[in-house]
Amino acid sequence: MNVKDKKIENTPKRQGLVIFSEIEKGAGLEGALKIKSEQVVAEISASNLKGRGGAGFPTGLKWKFAAQEKDEQKYVVCNADEGEPGTFKDRVLLSEYAPLFLEGMIIAAYAIGAAQGFVYLRGEYKSFVPALEDELKEMRKNSLLGENIGGKKGFNFDIEVRLGAGAYICGEETALIESLEGNRGEPRNRPPFPVNTGYNGHPTIVNNVETFAAVVHIAAKGADWFKAIGTEKSAGTKLLSISGDCGKPGVYEAAYGISIKEILKMADAKNVKAVQVGGASGICVPKSQFSRTIAYEDLSTGGSIIIFGQKRNLLDVVENFLEFFEEESCGQCTPCREGIPVLIEAVKMLKKGECGKEYLKDILSLCETMQLASKCGLGQSCPNTFISIIDDVKQEYALSKDSKQEKAFNG
Ligand SMILES: Cc1cc2nc3c(=O)[nH]c(=O)nc-3n(C[C@H](O)[C@H](O)[C@H](O)COP(=O)(O)O)c2cc1C
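Residues numbered from 1 in each chain as written. Predicted model: local features only at pLDDT ≥ 70, side-chain atom pairs only at ≥ 80, totals over all residues.

**Observations regarding the overall build of the protein**
Here is step 1: Looking only at helices and strands, the protein features 16 helices and 9 strands.
Here is step 2: Radius of gyration (C-alpha) of the protein: 22 Å, near the 22 Å computed for a compact globule of 411 residues.
Here is step 3: Dimensions of the protein, computed from the C-alpha atoms along their principal axes, are close to 75 × 40 × 40 Å.
Here is step 4: The buried share among the 411 residues of the protein stands at 48%.
Here is step 5: Once local pairs closer than 6 in sequence are excluded, the contacts in the protein between residues at least 24 apart make up 71%. (Helix = DSSP H or I, 4+ residues; strand = E, 2+ residues; numbered from the N terminus. Rg over C-alpha atoms; globule rule 2.2 N^0.38 Å. Buried ≥ 20, exposed ≤ 12 C-beta atoms within 10 Å, placed from the backbone. Contact = placed C-beta atoms within 7 Å.)

**Description of the site of the ligand**
Here is step 1: Near the ligand you find 23 residues, and of these G51, G53, G171, N208 and G377 are the closest.
Here is step 2: Contributions of two or more residues to the shell around the ligand are made by strand 4 (204–208) and helix 14 (377–381).
Here is step 3: With 3 residues, the single largest contributor to the shell around the ligand is strand 4.
Here is step 4: Grouping the constituent residues of the shell around the ligand by class yields 7 nonpolar, 10 polar and 6 charged.
Here is step 5: Here the shell around the ligand spans two domains, and each of domain 1 (27–227) and domain 3 (314–410) adds at least three residues to it. (Near = placed C-beta within 6 Å. Nonpolar A, V, L, I, M, F, W, Y, C, P; charged D, E, K, R; others polar. Domains from an automatic or database assignment.)

**What about the sheet that holds strand 5 (residues 237–244)?**
Here is step 1: Strand order in the open sheet formed by 5 strands is 6-5-9-7-8, with mixed pairing between adjacent strands. Of all the strands in the sheet, just strand 6 (250–255) and strand 8 (283–286) have a single pairing partner and so form its edges. Sheet twist, expressed as the average angle between the axes of neighbouring strands with direction ignored, equals 30°.
Here is step 2: As paired strands, strand 7 (residues 272–277) and strand 9 (residues 304–309) are joined by 5 bridges and run antiparallel to one another. Paired with A274 across the two strands is F308, which belongs to strand 9. (Pairing = 2+ DSSP bridges. Axes fitted to C-alpha atoms, helices over the stretch in contact; angles between N-to-C directions.)

**A look at helix 6 (residues 129–141)**
Here is step 1: The end-to-end C-alpha distance of helix 6 is 18 Å, a good match for the 18 Å that 13 residues give at a rise of 1.5 Å each.
Here is step 2: Those residues of helix 6 that fall on the buried side of the exposure criterion are L132, L136 and M139. Summarising the axial view, the buried residues of helix 6 lie within an arc of 60°, below the 170-degree limit, and thus occupy one face. Turned more than 90 degrees away from the buried face of helix 6, the exposed residues are P130, E133, K137 and K141. (Expected span 1.5 Å × (residues − 1). Arc of directions from axis to C-beta.)

Encoded structure:
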């Protein structure tokens, strides 16, 4: 299958150590079906694979919790909502590697004992639906979906594609489950967690598209092979969607531990002011910190890297991100709903030189409250960029000859 979105071309040539490495179709599932389901969970745990959707929860542990539940009905959900600004790596997997991540879902179903799976696809990726449906039909024909999969008696599983309606919050796993159930996409209180009480109240694992793709390689090549790539605490590779002020934007696969400096070289980016790691909900890394690395122990990311050249005003960037969050907040909890407009106002004041030291202190304290008291990751992470740029903007203003700008922080 090779679906081409007419407006966006995927980078044509790709090589990588895990996801973009060679693998025979079906090799992962074959490896998994040779061993007991508990052993599959143990192998994924031993690989140290962590979720590639952003939060980095250990995949094996998530599967173990769901596998332990005594329930006849369990579900496997592939989170293909990909709504984080600057993230477009799942689009490549959805359009060119569908057999791979779907195989990962089948392995997950075997591991936890699920009979039904869903691919929750962001509304804007509607054009991928026909090809995904064709692939699922093909898999049913080849006994990779349906009853007694791979000749394993009693292993029955099928997958359905469900379309979101373009809400960023529906990428959050509990809002996604609400949406799958036909409700308004709003995050749930946790606990209970989806692995215990998920879709229609049954144990459900939600994993990112890239996580399922990595699972296939681990099942075929082993946990030790996987662990040998990356760093001690961050096994394997990460798909990076690189965009912004650079010569070679695109989707790259890099082993964990790659530095920002190396990324900039790879993407042919020169004269860079700052790099946004992790999308709008991530942090903005200034030039002085370009030796930092992509890894769970340093800069964690779901895959979005946005490069800002010298001409960019970081306050414009943060204002743009906050306006996105204001639009996408579900409005359920007060810190997020009421906090974002106040932050936007503060950025506008800073730009006009009307903020002042004391008010800025109050704003930073509001950011902390939002991080601690918001109900879900949206409200908790939306102040991140603001906090991360404030020292640099302060320095930039201090160096400027513009008295109004200087006043922004000192008035
Ligand atoms: C506002 C918000 C949006 C999210 N969007 C996505 C998304 O588009 N894709 C994704 O895989 N995870 C997204 N997540 C993370 C999911 O809640 C969840 O952690 C992830 O799907 C788990 O899969 P993983 O363990 O394989 O990463 C989002 C989280 C938040 C708070």
